[in-house]
Amino acid sequence: MTSNSFHLAVMPGEGIGIEVMQAASAVLAAVEDRFGLSFRPEAIPGGAHHFRETGATLPKDGIERAGAADAILFGAMGWPDIRFPDGTEIAPQLDLRVAFSLYAGVRPIRAIPGVRLALADERAKSIDLVIVRESTEGMFASRGKGEIIDDREARDTQVITRATTEKLTEFCCGLARRRRESRGTPGRVTLVDKANVFLSFAFMRKVFYEAAANHPDIEARHHYVDAMALDLVRRPWDFDVLPMENLFGDILSDLGAGLIGGMGFAPSADIGAANGMFQPSHGTAPDIAGQGIANPTAMILSAALMLDWLGETRGSQAAVDAGRAIERSVDHAFGTLGLRSHDIGGSNGTVEIGRAVAELIRSGEADPQ
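The following paragraphs examine the structure supplied in this document. As the structure is a prediction and not an experimental result, all values here were calculated from the model. (Residues numbered from 1 in each chain as written. Predicted model: local features only at pLDDT ≥ 70, side-chain atom pairs only at ≥ 80, totals over all residues. Heavy atoms only, no water.)

This part covers the side chain of serine 135. By secondary structure assignment, the location of serine 135 is in the loop between strand 5 (128-134) and strand 6 (147-149). The exposure class of serine 135 is buried, given its relative accessible area of 5%. Setting aside residues up to four positions removed in sequence, serine 135 forms contacts with Arg97, Leu102, Tyr103, Ala104, Gly105, Asn246 and Asp270. (Helix = DSSP H or I, 4+ residues; strand = E, 2+ residues; numbered from the N terminus. Buried < 20%, exposed > 50% of the residue type's maximum accessible area, 1.4 Å probe, protein only. Contact = heavy atoms within 4.5 Å.)

If you want it as structure tokens, here you go:
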């Protein structure tokens, strides 16, 4: 029997993470009212300030509690002035990715109506691509494992495995297929690598094409990462689903966010076989924290990704419909109502944007006519 009741591990974190989570919670309350869904939020603290106060980045049972939930809704954690003794940043989100094998880091890059774009070309209005960052291997596999030899050189080692590359390819082909059916996108998957130089990337490309051959209805291509950095500026409207190694995805997803208005419009999802974590791509933004001016759109759209994933994995059409309603309401808020967040030169604050999107969901004003 399909359930429309979901247990959510809510991890606001710190800085603007707390503020944007409150806005997203207001939107989810509207979703409950309209779509007959029920959310059971369980707050789990964590982050740099939690580390300073307790000596741990998360509560002792924090990962276990998060894993027991139907989905993890994550704000932002980390603080520039609070670090581990070795100087690295506190990032519990990375620990969660490893703990739950959240291999597919989904980073949608989509032009939102009314938001000024970085590119003047009229075709920029049609930007609608997804960077899928492999989130457990690559260069990040060396996190906490690198070595400094005699204070004369440092080494980190990249890891690419067949099993994870196959899972990533399967995920991306399925995503491209669903996008083609629901959005009319091409159904194309383009691996981003550096196979002309590194053996690990040549191996990744080989495995990618072997796995993609199981999906003859999906067009499989490859692109060098340096050329992709160029073409994301030159012709981003030509791309659909872009799987890539962890570090490449970390870098290019920020470039992609810059094309559509900035990090405040860039949601993300980290997906594994059994767990999903959903968070904005931005950080805690200490420079504006507590001022009520943070853009909550990325957090709100991350909640939409969560609902879409819950709908697909739990068989809830109401959740899928709710996720689409959030996306339409965001588009209507910026494109028709003319909302402008502070990060794009406007004056609409965090609470105001969250409230506007929530009201649009309740009223159905943004529904297709």
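Trans peptide bonds make up the majority, and among non-glycine residues the majority have a negative phi. Positive phi, close to 50°, is recorded for serine 101, a residue that is not glycine. Locating serine 101 in the fold gives a position in the loop between helix 4 (92-99) and strand 4 (104-110). Assessed through its relative accessible area of 38%, serine 101 is described here as partly exposed. In this structure, aspartate 151 is a non-glycine residue whose phi angle is positive, near 60°. In this fold, aspartate 151 is placed in the loop between strand 6 and strand 7 (153-155).

What follows concerns the sheet that holds strand 2 (residues 38-43). The mixed open sheet is built from 10 strands, whose spatial order is 2-1-3-12-11-4-5-10-8-9. Strands at the two margins of the open sheet, each flanked by one partner only, are strand 2 and strand 9 (219-224). Along the sheet, successive strands turn relative to each other by an average axial angle of 25°, direction set aside. In terms of strand pairing, strand 11 (residues 267-271) meets strand 12 (residues 276-280) through 5 bridges, oriented antiparallel. Residue pairing across strands places serine 268 opposite glutamine 279, the latter belonging to strand 12. Each of strand 4, strand 5, strand 8 (188-193), strand 10 (241-244) and strand 11 is contacted by helix 5 (residues 162-183), which is oriented at about 165° to strand 5, the strand it contacts most. The sheet strands contacting helix 8 (residues 246-259) are strand 4, strand 5, strand 8 and strand 10, and the helix crosses strand 5 at an angle near 155°. (Pairing = 2+ DSSP bridges. Axes fitted to C-alpha atoms, helices over the stretch in contact; angles between N-to-C directions.)

What follows is about helix 9 (residues 297-314). End to end, helix 9 covers 25 Å across 18 residues, agreeing with the expected 26 Å (1.5 Å per residue, within 8%). Within helix 9, 13 of the 18 residues are buried, leaving the element largely enclosed by the surrounding structure. (Expected span 1.5 Å × (residues − 1).)

Regarding helix 4, the residues found buried are Pro92, Gln93, Leu94, Leu96 and Arg97. Phi for serine 101, located one or two positions after helix 4, is positive at around 50°.

Let us now look at the environment of methionine 263. Examined against the element boundaries, methionine 263 turns out to sit in the loop between helix 8 and strand 11. Each C-alpha atom, one on methionine 263 and one on glutamate 64, is 30 Å from the other, the two residues being 199 residues apart in sequence. Apart from the residues within four sequence positions on either side, methionine 263 is in contact with Asp254, Ala257, Ser281, His282 and Ala298.

Here we take up the packing of helix 5 against helix 6 (residues 199-212). Viewed as axis vectors pointing N to C, helix 5 and helix 6 meet at an angle of 50°, and their least axial separation amounts to 9 Å. Relative to helix 6, helix 5 is oriented oblique. In this structure, helix 5 crosses over helix 6, and the sense of that crossing is right-handed. Contacts between helix 5 and helix 6 involve Arg162, Thr165, Glu166, Leu168, Thr169, Glu170 and Cys173 from the former and Phe203, Met204, Lys206, Val207, Phe208, Glu210, Ala211 and Ala212 from the latter. Looking at the contact of helix 5 with helix 6 residue by residue, the classes come out as 8 nonpolar, 2 polar and 5 charged. (Parallel < 35°, antiparallel > 145°, perpendicular 65-115°, else oblique. Left-handed = near helix turned anticlockwise from the far one by under 90°. Nonpolar A, V, L, I, M, F, W, Y, C, P; charged D, E, K, R; others polar.)

The element strand 3 (residues 71-76) is extensively covered by neighbouring structure, given that 6 of its 6 residues are classed as buried. Bridge count between strand 1 (residues 5-13) and strand 3: 5 bridges; the pairing is parallel. Residue alanine 9 lies in a different strand from strand 3, and its bridge partner there is isoleucine 72. Pairing analysis gives 2 bridges linking strand 3 to strand 12, with the strands arranged parallel. The residue bridging isoleucine 72 from the neighbouring strand is methionine 277, located in strand 12.

The values reported here are purely geometric and, on their own, carry no functional implication.
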